[in-house]
Amino acid sequence: MQTTLKKTVIKSTASTHFKNEVDLGLSATVKYLPSKYFYDKKGDAIFVEIMNMPEYYLTNAEYDIFKNKTQDLISVLKINHKTDFDLIELGAGDGTKTKELLKVLDNQGFKFTFLPVDISKNALSQLESTIHVELPNIKINTKQGDYFNVLEDIKTYEKPKVLLFLGSNIGNLSDAKAAEFLKKLSTALHENDKVVLGVDLIKPKHIVLPAYHDAQGITSRFNLNLLERINRELDADFNLDMFVHDPEYDEKEGIAQSFLKSLTTQQVKIGALNKTFILKKGERIHTETSRKYNETVLNALLKDSNLKIIDKLMDSNNYFADFILEK
Ligand code: AVI
């Protein structure tokens, strides 16, 4: 297929998925919109702002582990100096944390190829150029795509693997989906391969909730951008002034959730669906789950996979953990 035609087909398939999922979510008895749609160009930029907010402790906490416990991380991974291995990162983004590990591996003469995987081609090419400049010895081979699809590819790689899945990205999946993902992940690995799974830990509300309800209203903009995206891409007429960002955190369960609450009873027309949806005053649209973990929760998710926890590293505040899993 011609490249431009192929791009158009991929784009229109993506927008058909978006349209159908918006339709499903807004037609449900309890309305929802999938959080994966936060990440358009504007959403990506707001997410960078989130990671730099004082309240969003997750990024710094995991950076603390990668920067200050690099040697511990290398030891628990039990990597052999003589064996060439693949270091795969799912959802690599700008690679800030991973570069700390790459630097030390490189200095200590480990033989490996870095394989960052991301949905964003743009993020990958930026990462590739910074690695070439900052760490010119590192062999890098980028992979663009959806994690689930990329796992199919990874399965065929022969070398030992260390797979990084950081940032508590797993927390945006329901427990059922996370368990399915981990099971699929384990089938892509060989015996003794390792996974570094970064998760936010269950802790008190006064620490977690502000990370999703910041003083500057950045997370509110992030959440509302989802409605703006529907307006832009699906010809809808959401009035953003008539919705508020409404997050909550259940400290006992360890689950943060974000909603958009309708301030009035209103009708919203979505041109691309040729449909009108009614929202009652106070009705909420669920937009995101950000699960927090402890070892019991994680072990329950790993039950049907062939992965087991062999170690964990925590930041200096004990807010965040990188669990080391082994097949
Ligand atoms: C990407 N993910 C792990 C973030 C989180 O903490 O759930 C997304 C996010 N949503 C609001 N703030 C950050």
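Quick note: structure is the one above.
Structure report, in brief. Since this is a predicted model, take the numbers as computed values, not measurements. (Residues numbered from 1 in each chain as written. Predicted model: local features only at pLDDT ≥ 70, side-chain atom pairs only at ≥ 80, totals over all residues. Heavy atoms only, no water.)

### Side note on the packing of aromatic side chains
We count it as follows: Pairing of aromatic rings covers Phe, Tyr and the six-membered ring of Trp, with a centre-to-centre limit of 6.5 Å; geometry is then stacked below 30 degrees between planes, edge-to-face above 60, and tilted otherwise. A ring is considered to have a charge above it if a Lys NZ or an Arg CZ atom is located within 6 Å of its centre and within 35 degrees of its normal.
Applying the stated rule across the entire model yields 14 aromatic pairs. Each member of the aromatic cluster is reached from another via a ring pair, and the members are F38, Y39, F47, Y56, Y212 and F222. Taking NZ or CZ as reference, R284 lies 3.6 Å from the ring centre of F259, over its face. Directly above the ring of Y293 sits R291, whose terminal nitrogen or CZ lies 5.8 Å from the centroid.

### Re the environment of D106
Where we set the bar: Each helix corresponds to a stretch of at least 4 residues labelled H or I by DSSP, and each strand to a stretch of at least 2 residues labelled E; elements are numbered beginning at the N terminus. When a residue's accessible area, from a 1.4 Å probe over protein chains only, is under 20% of the maximum for its type it is buried; when over 50% it is exposed; and in between it is partly exposed. We call two residues contacting when some pair of their heavy atoms lies within 4.5 Å.
Structurally, the position occupied by D106 is in helix α5 (residues 96–107). Accessibility expressed as a relative area gives 21% for D106, which makes it partly exposed. It is 8.2 Å that separates the C-alpha atoms of D106 and L135, two residues lying 29 residues apart in sequence. Other than its neighbours up to four places away in sequence, D106 contacts F112, L135, N137 and I138.

### Concerning the nonpolar core
Definition in use: The term nonpolar core refers to a set of buried residues drawn from Ala, Val, Leu, Ile, Met, Phe, Trp, Tyr and Cys, joined through side-chain atoms within 4.5 Å.
Membership of the largest hydrophobic core comes to 66 residues, with the highest contact counts inside it found for L87 and I270. When residues in this core are grouped by element, the largest group, seven residues, is from helix α10 (residues 218–234). Those residues within four positions of L87 in sequence are excluded, and the remaining contacts are L101, L102, L105, F112, T113, F114, L115, V162 and L164. Core analysis: the second largest hydrophobic core is formed by 31 residues, F165, L298, L302 and F323 among them.

### What about the pairing of strand β10 (residues 266–270)?
A regular strand places its side chains so that they alternate between the two faces of the sheet. We apply this condition: Paired strands, in this sense, are two strands between which DSSP finds at least two bridges.
Residues Q266, V268 and I270 point to one face of β10 and are all buried, whereas Q267 and K269, pointing to the other face, are not buried. Pairing between β10 and strand β11 (residues 275–279): five bridges, direction antiparallel. Within the sheet, the bridge partner assigned to V268 lies in β11 and is F277. Between the end of β10 and the start of β11, which pair antiparallel, lie four residues, with N274 showing a positive phi angle near 55°.

### Quick notes on the pairing of strand β13 (residues 308–314)
As paired strands, β13 and strand β14 (residues 320–326) are joined by six bridges and run antiparallel to one another. When the sheet's bridge partners are listed, K308 is paired in β14 with E326. Adjacent in sequence and paired antiparallel, β13 and β14 are bridged by five residues, among which N318 carries a positive phi angle near 60°.

### Re helix α9 (residues 205–212)
Here α9 has its buried residues at I207, V208, L209, A211 and Y212. If you follow the buried residues of α9, they end up packed against α3 (57–68), α10, β7 (243–245), β8 (248–250), β9 (255–262) and β12 (284–291).

### A short note on unusual backbone geometry
One non-glycine residue with positive phi stands out, namely K78, at about 50°. In this structure, K78 sits in the loop between α4 (70–76) and β1 (85–90). Assessed through its relative accessible area of 54%, K78 is described here as exposed. In this model, D235 sits at a positive phi of 55°, which is unusual for a non-glycine residue. Within the secondary structure layout, D235 lies in the loop between α10 and β7.

### Points about the packing of α3 against α5
As a reminder, the rule being used: Here an axis means a line fitted to C-alpha atoms, over the contact stretch when the element is a helix, while the angle between two N-to-C directions is reported on a 0 to 180 degree scale. Put simply, angles under 35 degrees are roughly parallel, angles over 145 are roughly antiparallel, angles from 65 to 115 are roughly perpendicular, and the rest are oblique. Any residue that is not Ala, Val, Leu, Ile, Met, Phe, Trp, Tyr, Cys, Pro, Asp, Glu, Lys or Arg is counted as polar, Gly included; the first ten are nonpolar and the last four charged.
Viewed as axis vectors pointing N to C, α3 and α5 meet at an angle of 5°, and their least axial separation amounts to 8 Å. With respect to α5, the element α3 is oriented roughly parallel. Contacts between α3 and α5 involve T59, E62, Y63, F66 and K67 from the former and T96, K97, T98, E100 and L101 from the latter. For the contact of α3 with α5, a count of residues per class yields three nonpolar, three polar and four charged.

### Concerning helix α2 (residues 41–51)
The test is simple: Taking the helix axis as origin, the arc is that swept by the directions to the C-beta atoms.
Among the residues of α2, G43, I46 and I50 are the ones counted as buried. Looking straight down α2, one finds its buried side chains confined to an arc of 65°; they lie on one side. Those residues of α2 that are buried lie in contact with α10.

### Considering the site of the ligand
Basically, it comes down to this: Distances are taken per atom, and a residue is near a molecule or strand as soon as one of its heavy atoms is within 4 Å of it. We call two N or O atoms a polar contact when they sit within 3.5 Å, provided that within protein one can donate a hydrogen and the other can accept it, with sequence-adjacent residues counted only if both atoms are side-chain atoms. Shrake-Rupley sampling with a 1.4 Å probe provides the accessible areas, and residues are treated as covered by the protein chains on show and by no other component.
Looking at the ligand, there are 13 residues lining it, with Y56, N172, Y212, E288 and S290 nearest. For the ligand, an oxygen atom lies 2.5 Å from a polar atom in the side chain of Y56. About the coverage of the ligand: the protein hides 97% of its 340 Å² of free accessible area.

### Looking at the side chain of K194
With respect to the helices and strands, the residue K194 is situated in strand β6 (residues 194–200). The class of K194 is buried, set by a relative accessible area of 6%. Separated by 2.7 Å, the side chain of K194 and the backbone oxygen of N192 make a polar contact. If near-sequence neighbours (up to four positions away) are discounted, K194 is found in contact with V76, L77, K78, K161, V162, L163, I310, I324, L325 and E326.

Limitation: the analysis is restricted to geometry and does not speak to function.
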